[in-house]
Every structure is written in structure tokens, then in C-alpha cells.
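What follows is each chain in one-letter form.
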Amino acid sequence: MFIKICGITNEEDALLSVAMGATALGFVFAPSKRQVVPGKVADIVKRLPPGVITVGVFRDHDPHTVVRIMRETGLRGAQLHGRETVTMVDDIVADIGWVMKAVVAGSPEAQRCDRYRTDLVLFDSPEPGSGVPYDWSVLDTIPQGVRCVVSGGLTPDNVADAIAYVQPFGVDVSSGVEHEPGRKDPTKVRLFVQRAVAAFDALVQ
């Protein structure tokens, strides 16, 4: 079960999300309303309990920069959210191990996503972080065997339906649990995680 709260900008939201049951946290290094600097992320990561999957979100960074920031911050994995080539992704995988490649749901790239030799593939809306959902049926034709993470427009109100329909490996949310960009809403985080956990549990019953 992979439940990631992305766009973490402060220690309070990081600890809140973990306390509510999130299994992964995302820190955005790409240009964004939720962008954070490596030094701050390193301080937050030091205060997290073991077992939490901490993820750095990058977009079109060169592999050397990704690896350097990962080592500076102590993050566990990298999420590549740009136009990285298969070779670039392979280089990063070789250096840090855990990588999740993001693609636009329904795009030609999504149909060929099994060429990326990554732990997970995240399927997002055309505008990441916008909170705009897409038709989950576009995921019906993704390559078999891909460990799918659904993202894009998820909220506490629709996450259970997304899990029931797609039956993904995990879910990822950012704006859907905020009260303003970069600040999480405790009630929304709690409800999102609770409903996601219940939906994942229902898949194995």
C-alpha cells in the first residue's frame, strides 16, 4: 500500500501526514508553488520516523543534479516528472536505486511506460499540481505488469473510487489535501488516508 502526500513544504505537515498514516512524502525541487530548498528538506527528513518513503520530485533536472540533491537531503527515492529519456532514468536508477517515473495519463508516453525500468510509474493529469482530475478509463490500456500510482485531481471524496476502479499500487495527492498551496489541511489529510486505506483493504478481501 503506497499512499503519498506530495508538496510537503514544512516539518509540521510532514509529521502530520505520517501520523495520519501516509507511507510516503514528496518534496518538490522543480519550479512550483510548493518548491523547497534541499537544506530545508534535509532538516525535515532527519525528524521523520524510519520506514517513511521520502521522495524528491524533479522535472528535467540533469541526472548529476538529481543524484547530488538526493545525497544532500537523505531522501530515499526520486520522482522524475519531466521529459527525461530512458537513458537518463536508467542513469539515476543506477545511482540511487528507487525511482518513480511520472507520465501524463492517456499520452503516448503512458502507453510505452514499461520501457522505464523504475519501481513505479505515476500517472498524472496534464498539469501536475493543478488539482484537475482526468478520466481514469485512460489507464485501462497501460502495459501489463506496470506498478501504477494514480495522481492528478485526487481528493478525500474521490480517492476510494479511483482505487476501486484502477486497482493501482498506490495513490499520490498534493493540492487535494491543502487549504492553500504548500499548506496541508489536517482534516483532508486524515480523510484521504483513511479512505485510501479502506479502499486498498477492500481490494484484497
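Note that residues are indexed from 1 along each chain, following the sequence as it is written. With pLDDT at 70 or above as the cut-off, local features in this predicted model cover only qualifying residues; side-chain atom pairs require 80 or more to be listed or tallied, and sums for whole chains, interfaces and linings still use all residues. Based on all heavy atoms of the structure, the side-chain values leave hydrogens and waters out of the count.

**Describing the packing of helix α6 (residues 159–166) against helix α7 (residues 186–203)**
Logical step 1: Helix axes are fitted only over the stretch in contact, all axes being lines through C-alpha atoms; the angle between N-to-C directions runs from 0 to 180 degrees. To qualify as a helix, a DSSP run of H or I must reach at least 4 residues; to qualify as a strand, a run of E must reach at least 2; elements of each kind are numbered from the N terminus. For the pair α6 and α7, the least separation of the axes is 8 Å and the interaxial angle reads 25°. Considering the angle they form, α6 stands roughly parallel to α7. Relative to α7, the crossing made by α6 is right-handed. In this structure, α6 contributes Val159, Ala160, Ile163 and Ala164 to the contact, and α7 contributes Phe192, Arg195, Ala196, Ala199, Phe200 and Leu203. Throughout, the term roughly parallel applies to angles under 35 degrees, roughly antiparallel to angles over 145, roughly perpendicular to angles from 65 to 115, and oblique to all others. Crossing handedness follows the turn of the near helix against the far one: under a right angle anticlockwise gives a left-handed crossing, and clockwise gives a right-handed one. The contact rule is simple, with two residues in contact once any of their heavy atoms fall within 4.5 Å.

**Notes on the nonpolar core**
Logical step 1: If you look at the biggest cluster of nonpolar residues, it comprises 56 residues, and the most contacted ones within it are Ile5, Leu25, Phe123, Leu139, Val150, Val171 and Phe192.
Logical step 2: Sequence-distant contacts of Leu139, that is, excluding residues within four places in its chain, are made with Ala105, Phe123, Tyr134, Cys148, Val150 and Val166.
Logical step 3: Here, nonpolar core means buried Ala, Val, Leu, Ile, Met, Phe, Trp, Tyr and Cys residues that are tied together by side-chain atoms lying within 4.5 Å of each other. Each residue is assigned to one of three classes by its accessible area relative to the maximum for its type, calculated with a 1.4 Å probe on protein chains only: buried under 20%, partly exposed between the two thresholds, exposed over 50%. If you look at the next biggest cluster of nonpolar residues, it comprises 10 residues, including Phe2, Val55, Leu120 and Leu122.

**Side note on the packing of helix α3 (residues 63–73) against helix α4 (residues 86–96)**
Logical step 1: In the contact formed by α3 and α4, the axes pass within 9 Å of each other and the chain directions differ by 25°. When the interaxial angle is binned, α3 and α4 end up roughly parallel. Regarding α3 and α4, the two cross each other, and that crossing is right-handed. Facing Pro63, Val66, Val67, Met70 and Arg71 of α3, the residues of α4 in contact are Met88, Asp91, Ile92, Asp95 and Ile96.

**Remarks on the side chain of Glu178**
Logical step 1: Its place among the elements puts Glu178 in strand β9 (residues 178–180).
Logical step 2: By relative accessible area, which is 6% here, Glu178 ends up buried.
Logical step 3: In this structure the side chain of Glu178 is engaged in a polar contact, spanning 2.9 Å, whose partner is the backbone nitrogen of Gly182.
Logical step 4: What Glu178 contacts, discounting residues up to four positions off in sequence, is Arg34, Arg183, Lys184, Asp185 and Lys188. Think of a polar contact as two N or O atoms within 3.5 Å of one another; within protein, one of them needs to be a possible hydrogen donor and the other a possible acceptor, and neighboring residues in sequence only count if both atoms come from side chains.

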